[in-house]
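Understanding the architecture of this molecule
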Amino acid sequence: MKATITKSTGLWYNAIVENGTVVQCRLKGKLRLDEIKSTNPIAVGDNVILRLDHESNSYIISEILDRNNYIIRLDPHKKAYTQVIAANIDQALIVATANAPRTSDGFINRLLIICEAYHITPIIILNKIDIYTNKKEIDKINEWHHTYTLAGYKVIHTSIMSKEGIADLHTILKANINLLCGHSGVGKSSLMNIIYPSLGLKVGPISAFSNKGKHTTTFAEWHTLPDGGAVIDTPGVKEFGLANMEAAELGGYLPEIRRYMINCKFTNCTHRNEPHCAVISALEQGLFNPARYDSYISMMHELEDGLEKWEKK
Ligand code: GDP
Ligand code: ZN
C-alpha cells in the first residue's frame, strides 16, 4: 500500500494513505540508506510502500520511493551528518515582512539559493502589507518586489487584515506540497488559517524579546490541505542546505548570475575580479540589484570557509 510520511520523529512514523487515513508505521531491520551520511533515512513527504506485519499487527515501511527532491540540514548533534527535513516538495513559500518582525535580505537570498539547489520553486509572500506606513518600509517592499520579480520569481503581497492577495495565495497553495518558510511572527499560521480555518494553526504574538520571534518547531510538521496537497512547516532554516554546496556551484543558483555567466571569458569565473566577466558588466549596467550580488559574495565566502565554522562549534 502506497503512503506518504507526515511525521518523522524517531522510531515511529505517521503516514497518510490514499483514502486519507493516517497510520503509524516503522522501519524494520536494515532499510537504512547507508551510503547517505544521514541520521534519518525517512523524512516528511517521503512516498513509501507499507505492508502489514501480521506478527506485530503493525505497518512496516518496506520501500522508499525515489524522491523528486529533498532538503537537508546539518545534524545539530552529529558533526558532518545531515538530516533530511522534507522530501518531494513542489514549492516553497517564503513569507517575509518589512517590519514586525523585519526579515533580512540575506535570509530571503539564502532561502532562494537553497530552493534553486534543491529544485524547489520559490514563491515570495510579502505579508502584513496593511501595516507599512513609513517610507523605509514601503521602499523595502517595493525593492523586494522589483528585485525578485526581475530575477524571475513570483512575488505576491498579502494581508490577513485587508485580505489582499489571499485568493491568489489560495490558488498557489492548493493541490501542491508547499514548504512554509519564514521567521516566526511573519504570519505563516495566520495566512494558512484564513484560507483553511479547519487547520486551526496556533497563532502567536510576536516575541517582544528579539522582534524576530522564537522558532520552537524542531521537526517538519505536515498539514494536509482540505482541497488537496499539504503545507509543511519547517524547523529553523538557518542551518539548511549550503552545507553540501560547492563554492563553484553557487553562481548557477542565482538567476541573475546564471543569465549572464555564459558570456564570461573564463568558464570557471567566480565573478569577482576575473577579466571580462559578463556578470560584473551586467551589474555595472544596472541589470540587477547590487544587493543580490553582495549576498552572492557573502555566501561565496561562507562556502569557501567550508565546514570550518561548523567544526569550531
Ligand atoms: P507565524 O509565527 O509566522 O506563524 O506568525 P503568526 O501567524 O503566529 O502571526 C504573528 C502575529 O502577526 C499575530 O499576532 C498575527 O495576528 C499577526 N499577523 C499575521 N498576519 C498579519 C497581517 O497580514 N497583518 C497584520 N496587521 N498582522 C498580521
Ligand atoms: Zn564572471
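The coordinates are above.
Predicted, not measured: the structure shown is a model, and the values here were computed from it. (Residues numbered from 1 in each chain as written. Chains lettered and ligands numbered in written order. Predicted model: local features only at pLDDT ≥ 70, side-chain atom pairs only at ≥ 80, totals over all residues. Heavy atoms only, no water.)

A closer look at the packing of aromatic side chains
Stated precisely, the cut-off is as follows: Two rings belonging to Phe, Tyr or Trp (six-membered ring only in the last case) form a pair when the distance between their centres is within 6.5 Å. Interplanar angles under 30 degrees mark stacking, angles over 60 mark edge-to-face geometry, and anything in between is tilted. Helical segments are the DSSP runs of H or I of at least four residues, strand segments are the runs of E of at least two, and each set is numbered from the N terminus. Burial classes: relative accessible area under 20% of the type maximum marks a residue as buried, over 50% as exposed, and values in between as partly exposed (1.4 Å probe, protein chains only).
Inspection of the entire model under this criterion finds 3 aromatic pairs. Both rings, one in Tyr260 and one in Phe288, keep their centres 6.3 Å apart while their planes meet at 15°; by these two values the pair is stacked. Taken together, the positions of Tyr260 in helix α5 (residues 255–261) and Phe288 in the loop between α6 (278–284) and α7 (290–305) put the pair 28 residues apart, joining distant regions of the chain. According to the relative accessible area criterion, Phe288 is buried, its value standing at 4%.

Considering the coordination of the zinc ion (ligand 2)
Filter applied, for reference: A 2.8 Å cut-off from the metal defines N, O and S donors, relaxed to 3.2 Å for Na, K and Ca; water is not in the atom list, so some sites may appear incomplete. A site with four donors is called tetrahedral when every donor-metal-donor angle falls between 85 and 135 degrees; four donors are called square planar, and six octahedral, when opposite donors sit more than 155 degrees apart and all other angles fall between 65 and 115; any other arrangement is irregular.
Note on the zinc ion (ligand 2): its protein donors are Cys264 (SG), Cys269 (SG), His271 (ND1) and Cys277 (SG). The metal-donor distances range over 2.1 to 2.4 Å. The site at the zinc ion (ligand 2) holds 4 donor atoms, and with the angles between them running 104 to 117°, its shape is tetrahedral. Sequence positions of the residues that donate to the zinc ion (ligand 2) give the spacing C-x4-C-x1-H-x5-C. When sorted by exposure, Cys269 lands in the same class as His271, which is buried.

Things to note about the sheet that holds strand β12 (residues 221–224)
What links the strands of a sheet is backbone hydrogen bonding, and the strands pair in either a parallel or an antiparallel sense. The test is simple: We treat two strands as partners when DSSP finds at least two bridges between them. Axis definition: a line fitted to C-alpha atoms, over the contacting stretch in the case of helices. Angles run 0 to 180 degrees between N-to-C directions. By the convention used here, residues are in contact when the closest approach between their heavy atoms is within 4.5 Å.
Strand order in this open sheet of 6 strands is β10-β9-β8-β11-β13-β12, and the pairing throughout is mixed. Two strands close off the open sheet at either side, each with one partner strand: β10 (154–157) and β12. The mean angle between the axes of side-by-side strands here comes to 25°, regardless of whether they run parallel or antiparallel. Running over the sheet, helix α2 (residues 135–151) touches β8 (91–96), β9 (121–126) and β10 and is turned about 155° from β10.

What about the packing of helix α1 (residues 105–117) against α7?
Heads up, the rule is: Any angle between 65 and 115 degrees counts as roughly perpendicular, while under 35 counts as roughly parallel, over 145 as roughly antiparallel, and the rest as oblique. Handedness of each helix crossing follows the sense of rotation of the near helix against the far helix: counterclockwise by less than a right angle gives left-handed, clockwise gives right-handed.
Taken N-terminus to C-terminus, the directions of α1 and α7 make an angle of 70°; their axes are 10 Å apart at the nearest point. Between α1 and α7, the angle is such that the two are roughly perpendicular. Between α1 and α7 the crossing geometry is right-handed. On the side of α1, the interface is formed by Asp105, Asn109, Arg110, Leu112 and Ile113, while α7 contributes Ala291, Arg292, Ser295, Met299 and Glu302.

As for unusual backbone geometry
Glycine aside, a negative phi is what most residues show, and trans is what most peptide bonds show. The linkage connecting Ala100 with the following residue, Pro101, adopts the cis geometry, with an omega of -5°. Notably, Asn57 is not glycine yet its phi reads approximately 55°, a positive angle. You can see Asn57 is positioned in the loop between β4 (47–53) and β5 (58–64). The exposure class of Asn57 is exposed, given its relative accessible area of 60%. One non-glycine residue, His271, adopts positive backbone phi at about 60°. Positionally, His271 belongs in the loop between α5 and α6.

Keep in mind these numbers describe shape, not what the thing actually does.
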